[in-house]
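Structural characterization, general
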Amino acid sequence: MKAPLAPAPRDADPARDVLRRAHALLEDHGLANAAAWKRDHPGRLAVGYMPVYAPRPLFEALGCLPVAVFGGGDRDVIRGDSYFQSYICHIPRSTLELGVSGALQGIDAMVFPAICDVIRNLSGMWQMLFPDVYAAYLDVPQNFRPEVGGAFYRAELERIASDLVARGALALDPERLRAAIVTENARRRALLALGDVRREEPWRCPASEAYAITRAGGALLAADHLALLGEYLAAIALRRGSPKDNVRVVLTGAFCEQPPFGLIKSLELAGCDIVDDDLQLGLTYIEGDIDAEAADPLGALVTAFLERGAATASRYIGDAHKGDALLARVRRARADGVVFAAASFCDPALLDEPMLEAAMDEAGVPYTSFKYAENTGQFHVIREQAGAFSDAVRLWESAP
Amino acid sequence: MIERITAGIDVGAGAVKVAITASRAGDAGRVLASAVERIRRREVHELTARLFADVCRQAGVEPEALPYVATTGDTEAVPFATGHFYSMTTHARGALFLEPRARAVLDVGALHARAIRTDERGKVLTHRMTSQCASGSGQFVENIARYLGVPLDDVGALSQGSRAPEAVSGICAVLAETDVINMVSRGVATADILKGIHVSIAVRLAKLLRSLKTQGVVFVSGGLSLDTGLVDAVRESLGEDRGAPLEVVTHPDGILAGALGAALLGSYRHAQLERRARAQADAAAAVAP
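Since we're looking at a predicted model, the values are computed, not measured. (Residues numbered from 1 in each chain as written. Chains lettered and ligands numbered in written order. Predicted model: local features only at pLDDT ≥ 70, side-chain atom pairs only at ≥ 80, totals over all residues. Heavy atoms only, no water.)

Residue and element names in this part refer to chain B. Counting across every chain of the model gives 44 salt bridges over all chains. The shortest N-O distance in the salt bridge between D10 and K17 comes to 3.7 Å. Considered together, D10 and K17 belong to a single accessibility category, that of buried residues. Here R101 makes a salt bridge to E247, at a shortest N to O gap of 3.0 Å. Remark: E247 occurs in strand β10 (residues 246–249) and R101 occurs in the loop between α2 (87–98) and β6 (102–108); sequence separation between them is 146 residues. R101 gets classed as partly exposed once you look at its relative accessible area, which sits at 42%. A relative accessible area of 37% means that E247 is categorised as partly exposed. Shared partners join several salt bridges into a network, and the residues in it are E37, R42, R50, D54 and R57. (Salt bridge = Lys/Arg side-chain N within 4 Å of Asp/Glu carboxyl O. Buried < 20%, exposed > 50% of the residue type's maximum accessible area, 1.4 Å probe, protein only. Helix = DSSP H or I, 4+ residues; strand = E, 2+ residues; numbered from the N terminus.)

Right, dumping it as structure tokens:
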């Protein structure tokens, strides 16, 4: 491992422009983009949705712009706090704050996929607080037999589609859905290519950048996100540099409320290469292509959810062993350890964590754990913990 | 045994420290060259690059020939680094190099202080930090010295000459600074004010150390390790608090502990990576037809 060949000057970074655009989308939660899109497509609907997974190809096939509403980030929460007890996570507060402050005025419908009771309650509150906005709780099956969970999930999708059509969305056309699935598959493959670069050459694609580029897709049509991803991948291929001797970690538990950008950056600065994470799990939730050739594309969307949904805390895994999926990710990423990062009071993540930690103990995979809120502003303690973890794993081959 | 020449760069809040060491597996290692420069509102990337080049020249090594350049502190200031170690890890290793008997480190830098308990390899066993208040930091001492018109280098000796130290708030830098202004108006001797400041910091540092249940030798590192008045005050505080006796030591190169530790850990890590690469190659050769 040779040291110093000076890298390209920072202002000459080939990815600078594409990253700037991605960050601009993140900073206003994609709302300016949604407003511009609506100006260009009069009468069409912008459909907001919450974590983890939403059937974006269905929304696109209905002529809608899906917009990920993954909380208000570090925005001040004033009124949102008054609706929730102190032991509730932060994402419903900041999302409600976005709503009551009028920031989501351009969002014509809100879909709340089932993840936990807090989000289910939020969907009810949305219906009461914003009666003019369509708000739907998307219940997802935990029984994955086609005749049971499949029929139920299809009915859910058809119900929401029909409600959106009644509010101005285009009629559900199988060919449009098929085209949306083709684009979604292409976007997913581009995200996997991004994941490959992160695993093979993490110096070329820091997790903080991958996160920005991935999350920007929550505010874009799949085709536009695909273009952004292509541009970023081409730009980072031009970067000069060399591998760093960092600890390789999988970050897990952050699939719903998103950690602040500074937290991801802090982990990197503490010597961690985050070679895999579940931060934007929804965009790669379906593992493998959705069958775009199927005679019934809505059925293909349902089948993909039933058969190839990612193992995460909000999905029942039956008799499978909790932790096997995480261990497989650790092995695929050739990770040295795991960072469990869960939002404070996130029941799905925190209830899973002891089982996942036990699985890591059993497999001899070192890990460290901490909690955050989307508006956490001080990262010193987390950086200290991650730094100690990184050093202990590399130098002493154990967790601190 | 191969002698590895490696570099450590410690970019702190107040100063940049660079060290180049030569070490073999199992030996203590030696310092080939080192330098410390205060940042003083300069562009930290440029300062670090220039200081690194100077130290390489002093050591007679080409930067590109160094197998491992380790950073500690602000890693973003050193884009050409091979790897990064966290500051408590490097201070622990640097302390062990400068004082092989050390089993605890008090790292007192510009922005915070940290007590670290270590083992005989320099592995961090546990640690505690001061809170976010500046009252336990070098920046605080620097501010007080500036208010009093005392050159920073003279602070330690002046404090050691104090006969009647004045009590200063040890909780909050703002309150302490108000205390100091009142003392100046009351005509309290500069030496007694400085000693009061040192005592207020030392009491906090002693509590940090005691909370770790440290034993034996404590090494004071970081920029304030050069402040003899503070080191004396730490010894006095630990002597008065009825805890187990601790020997407090420092070294003229205490400020370089982070950079030295980074360089030595870089050497250790490089050897470790080479061993692993050899083992992997051997394993691959063993399964090859």
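Residues and elements named next belong to chain A. Within the open sheet, the four strands sit side by side as β2-β1-β3-β4. Their pairing is parallel. The open sheet has two free edges, formed respectively by β2 (65–68) and β4 (134–138), since each of these has just one partner strand. Going from strand to strand, the sheet's axes swing by 25° on average, the running direction of each strand aside. Bridging between strand β1 (residues 46–49) and β2 involves four bridges; their strand directions are parallel. For A46, the partnering residue across the bridge sits in β2 and is L65. (Pairing = 2+ DSSP bridges. Axes fitted to C-alpha atoms, helices over the stretch in contact; angles between N-to-C directions.)

A few words now on the domain arrangement of chain B. How big an interface is tends to be expressed through the accessible area that disappears when the partners come together. All names here are of chain B. Partitioning chain B into structural domains gives domain 1 (4–86 + 255–287) and domain 2 (100–250). The gap between the C-alpha centroids of domain 1 and domain 2 is 29 Å. Of the roughly 500 Å² buried between domain 1 and domain 2 on both sides combined, carbon and sulfur atoms contribute 65%. Its largest share of buried area at the contact with domain 2, domain 1 owes to A13, R38 and I255, together 72% of the area lost on that side. At the junction of domain 1 with domain 2, the criterion picks out one salt bridge. Of the charged contacts, one joins R38 and E142 as a salt bridge, the two residues approaching to 2.7 Å between their closest N and O atoms. Taken together, the connections running from domain 1 to domain 2 amount to two residue pairs in polar contact (both at pLDDT 80 or more). (Domains from an automatic or database assignment. Buried area = accessible area lost by both parts, 1.4 Å probe. Polar contact = N/O pair within 3.5 Å; in protein donor to acceptor, adjacent residues only side chain to side chain.)

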